[in-house]
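# Working through the structure, step by step
Spelled out from the first residue to the last, the chains are:
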Amino acid sequence: MPQIKDLLEDLEFIRWVKKPDKDLNLYWERWIASNPDRIEDIKLAKQILLNLKFPAKTPSMETKREVLNKLLKDYSTGTSQRKTPRNIQTSFWNNQFSRVAAILVVIFAISFLFHAILKENRPEAGDQIPSWFFITKSTNYGEKLNFALPDGSMVWLNAGSSLEFPSAFEDNVRLVKLHGEGFFEIAEDVAKPFKVQTGNLTITALGTSFNVNNRDKDDLRVSLVTGKVKVDDTFSEGEYFLIPGQELVYNPEDKTGAVYPFDLELVQGWRNGTLVFKKAPFEHVKSELERWYGVTISTSGSYSTSWHFNGKFENQTLETVLLSLSNIEEFKYEIEGKKVNISFN
Amino acid sequence: MKERVNESFSLKEKPISIDVEISKRPDFELWKAFLAGNKSAFINIYETYFDVLFSYGMRITPNEEVVKDSIHDVFFDLRKNSKNIGDTNHIKFYLFKCLKVRLFKELKGWVGKRGGLDDHTPFEITFSYEQMLINSQMDAEQTAKIKNAIEDLSPRKREAVYYIYFEGLNYEEVKELMGLSSAKSARDLVYKALRKLRNSLGFLPPLFYILETH
């Protein structure tokens, strides 16, 4: 008979489910090894715990700053200037009391001011407050970037992209904003879902890895490599669920999306420096090269609309790529610094 | 056989608890620095706990202004009375305690002036049917039933469950926050909540058989 009361009441078990770490993993692996008959209990207890949600109202950044600023002022003056005016009818006593308090505050403030003026008026170095802030990491064309977020999740930014994230994640959600293309490897933390906001889509992940591609003009693509994600369309309030190997292709113009299988190499190649084209039309190849190598490409002559290129380049120079492209597709090219000219016959 | 295994490796003996002590040391130092007037310690604590405190307050009352002011007062009073304030190894719990006391003081002035606090559910808990559907363990009807059952829990039971399952507090801390007589009654409250959940489900999905006591 399954019996999980002991597990659900066990704080270490709860900690393990909510915020697993090395020690807890070790402990519970050992526990399971010595209690093999209880694997099912563990699974069920875990399910229950993970699905209990405690919806939270989070403060706006303004609220957080407002209170902080008030406190910093109060600390430096030693008096509390709080009381956002309230529309409560205060009784006579309260009123009287607050008047007396106000007078005292004024007296105190004045004496404090005198004190401060008499003292040497030198600015404190520690006065600059590194308040809660957003960090933006961005890449120019021709650049790629790989970094860790405050929670240990890894991000790879493709060229011409940016990611905004807070200096510290909130207690109940990890929210970031993406422009362009990025690959995410999310550190598992079920208590804090990881959300990527891009365009009008929000991608919610637990522990998982996926690619998001939201470049101007093109369709927005969310490609799931491992784990599970949910994508919310804030416009239509629709939602999509992806399983590994699936990709959401979303048209930002008519706000519709559909889920397809995707080519892992095509989506993932950029992270390890592999430029992959599969049945790519010329416009795509052109914009991809511009972004990848940080160049601008101009064309002369006309090319066939049935132009479709297949090819794979691993850490190659622009010169090599253009050379092999031109051999196959028959065009001439010149490279002058950051400018490329392609002429079709 | 099972008895013996459990004996040699029971839930009670936990090597981890030693690490817990160590990992809480920073709280101790940070708190001391804050009380001593260290500005960066204050900012550190503020940045770390403001959101949590705000959400906590909003679970008690839907009035954002009251929550905001109360958090302000908690921080202000702590610094003002720093000489009389003890050490703590768990800042979050300490701040929760201060904020709860403060909020109840504030709210006294409000009660009666504003009728009931209509659509506010203190310490709201929901059951994530989204996730359940993803895992496709249950269908929508079943998850809806569980959801309703959770919403039927008394505010006190929800509060206890929230401290344990969401905030990761221990039973001793729950006892203090809720004014209970012992850590055991905190444990009972949580357990009753789980049992109530089970009982209020006419139909029991397999998942909940496990809450049965034996």
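Calculation notes
Residues numbered from 1 in each chain as written. Chains lettered and ligands numbered in written order. Predicted model: local features only at pLDDT ≥ 70, side-chain atom pairs only at ≥ 80, totals over all residues. Helix = DSSP H or I, 4+ residues; strand = E, 2+ residues; numbered from the N terminus. Buried ≥ 20, exposed ≤ 12 C-beta atoms within 10 Å, placed from the backbone. Contact = placed C-beta atoms within 7 Å. Core = buried A, V, L, I, M, F, W, Y, C linked by C-beta atoms within 7 Å. Pairing = 2+ DSSP bridges. pLDDT = per-residue confidence, 0-100. Expected span 1.5 Å × (residues − 1). Axes fitted to C-alpha atoms, helices over the stretch in contact; angles between N-to-C directions. Arc of directions from axis to C-beta. Parallel < 35°, antiparallel > 145°, perpendicular 65-115°, else oblique. Left-handed = near helix turned anticlockwise from the far one by under 90°. Nonpolar A, V, L, I, M, F, W, Y, C, P; charged D, E, K, R; others polar.

## Some remarks on the overall build of chain B
Check the secondary structure of chain B and you find eleven helices and one strand. Reading chain B from its N terminus to its C terminus gives the helix and strand order α-α-α-α-α-β-α-α-α-α-α-α. By the burial criterion, 33% of the 214 residues in chain B qualify as buried. Sequence separation of at least 24 residues holds for 62% of the intrachain contacts in chain B that already meet a minimum separation of 6.

## Structural notes on the overall build of chain A
Scanning chain A from N- to C-terminus turns up nine helices and 19 strands. Taking all 345 residues of chain A together, the buried fraction comes to 22%. Counted over contacts in chain A with a minimum sequence separation of 6, partners at least 24 positions apart contribute 45%.

## Details of the nonpolar core
Core analysis: the biggest nonpolar cluster contains 55 residues, and L53, I71, L99, A160, V161, I164 and V190 of chain B have the highest contact counts within it. Not counting residues up to four positions away in its chain, the partners in contact with A160 of chain B are V174, M178, A186, L189, V190 and A193 of chain B.

## Remarks on the pairing of strand β9 (residues 209-214) of chain A
Residue and element names in this part refer to chain A. With five of six residues buried, β9 is to be regarded as a mostly interior element. Strand direction decides the pairing type here: strand β6 (residues 174-185) and β9, joined by six bridges, are antiparallel. The residue bridging E181 from the neighbouring strand is N213, located in β9. Pairing geometry for β9 and strand β10 (residues 220-226), over five bridges, is antiparallel. Opposite N213, over in β10, you have R221 as the bridge partner.

## Thoughts on unusual backbone geometry
With phi around 45°, K279 of chain A is a residue other than glycine that occupies positive phi space. Within the fold, K279 of chain A resides in strand β15 (residues 274-280). Positive phi, close to 50°, is recorded for F123 of chain B, a residue that is not glycine.

## Section: the confidence of the model for chain B
All names here are of chain B. Overall, the prediction assigns chain B a mean pLDDT of 74, with 65% of residues at 70 or greater. Mean pLDDT per element in chain B: helix α1 (residues 2-8) is the minimum at 39, and helix α9 (residues 171-178) is the maximum at 93. A low-confidence stretch, residues 112-117 stays under pLDDT 50, and its non-local contacts, those more than four residues away or across chains, total three contacts. Note on residues 200-214: pLDDT is under 50 here. Beyond four places in sequence and across chains, it has 26 contacts. For this predicted complex, the interface confidence comes out at an ipTM of 0.75, alongside a pTM of 0.49.

## Some thoughts on helix α8 (residues 282-293) of chain A
Residues and elements named next belong to chain A. The terminal C-alpha atoms of α8 lie 16 Å apart, and with twelve residues this matches the ideal 16 Å at 1.5 Å per residue to within 8%. Of the residues making up α8, those classed as buried are V285, L289, R291, W292 and Y293. Elements in contact with the buried residues of α8: β15, β16 (296-300), β17 (309-314) and α9 (318-329). Positive phi shows up at G294, right after α8, with a value of about 65°.

## Comments concerning the sheet that holds strand β18 (residues 331-336) of chain A
All names here are of chain A. With mixed pairing, three strands are arranged side by side in an open sheet as β16-β19-β18. In this open sheet, the two strands that pair with only one neighbour each are β16 and β18. Here the strands of the sheet are splayed against their neighbours by 20° on average, with no regard to which way each runs.

## A closer look at helix α2 (residues 11-18) of chain A
Residues and elements named next belong to chain A. Within α2, the full set of buried residues consists of F13, W16 and V17. Across the axial projection of α2, the buried residues extend over an arc of 95°, all falling on one side. Elements that come into contact with the buried residues of α2 comprise α1 (5-9), α3 (22-34) and α4 (39-51).

## Here's the deal with the pairing of β10 of chain A
Side-chain direction in a regular strand flips from residue to residue, so the side chains alternate between the two faces of the sheet. Bridging between β10 of chain A and strand β13 (residues 246-251) of chain A involves four bridges; their strand directions are antiparallel. The residue of β13 of chain A that forms the bridge with R221 of chain A is V249 of chain A.

## A look at the packing of α2 of chain A against α4 of chain A
Helix packing for two helices is described by the angle between their axes and how far apart those axes are. Residues and elements named next belong to chain A. Interhelical geometry of α2 versus α4 gives an angle of 70° and a closest axis separation of 10 Å. In terms of orientation, α2 and α4 fall into the roughly perpendicular class. When the axes of α2 and α4 are compared, the crossing they make is right-handed. Contact residues: F13, I14 and V17 in α2; A45, K46, L49 and L50 in α4.

## Some thoughts on the packing of helix α8 (residues 155-166) of chain B against α9 of chain B
Residue and element names in this part refer to chain B. In the contact formed by α8 and α9, the axes pass within 10 Å of each other and the chain directions differ by 140°. The handedness of the crossing between α8 and α9 is right-handed. In contact with E159, A160, Y163 and I164 of α8, α9 contributes V174, L177 and M178. Here the residues of the contact of α8 with α9 are counted per class, giving six nonpolar, no polar and one charged.

## Some points on the confidence of the model for chain A
Residue and element names in this part refer to chain A. The pLDDT averaged across chain A works out to 78; a share of 82% of its residues lies at or above 70. Averaged pLDDT values for the elements of chain A fall to 55 in helix α6 (residues 92-118) and rise to 89 in strand β4 (residues 154-157). Confidence over residues 85-94 falls short of pLDDT 50; this stretch has four contacts with residues more than four positions distant or in other chains. Segment residues 120-131 is flagged for pLDDT under 50; beyond a separation of four residues in sequence, or across chains, it makes five contacts in the model.

## Thoughts on the environment of G180 of chain A
All names here are of chain A. Structurally, the position occupied by G180 is in strand β6. With 34 residues separating them in the primary sequence, G180 and N214 have C-alpha atoms 4.7 Å apart. When neighbours within four sequence positions are excluded, G180 is seen to be in contact with N158, G160, S161, S162, N214 and R215.

## Structural notes on the environment of W270 of chain A
All names here are of chain A. Among the structural elements, W270 can be located in the loop between α7 (264-268) and β15. Accessibility expressed as a C-beta count within 10 Å gives 21 for W270, which makes it buried. Separated by 111 residues in the primary sequence, W270 and A159 place their C-alpha atoms 9.4 Å from one another.

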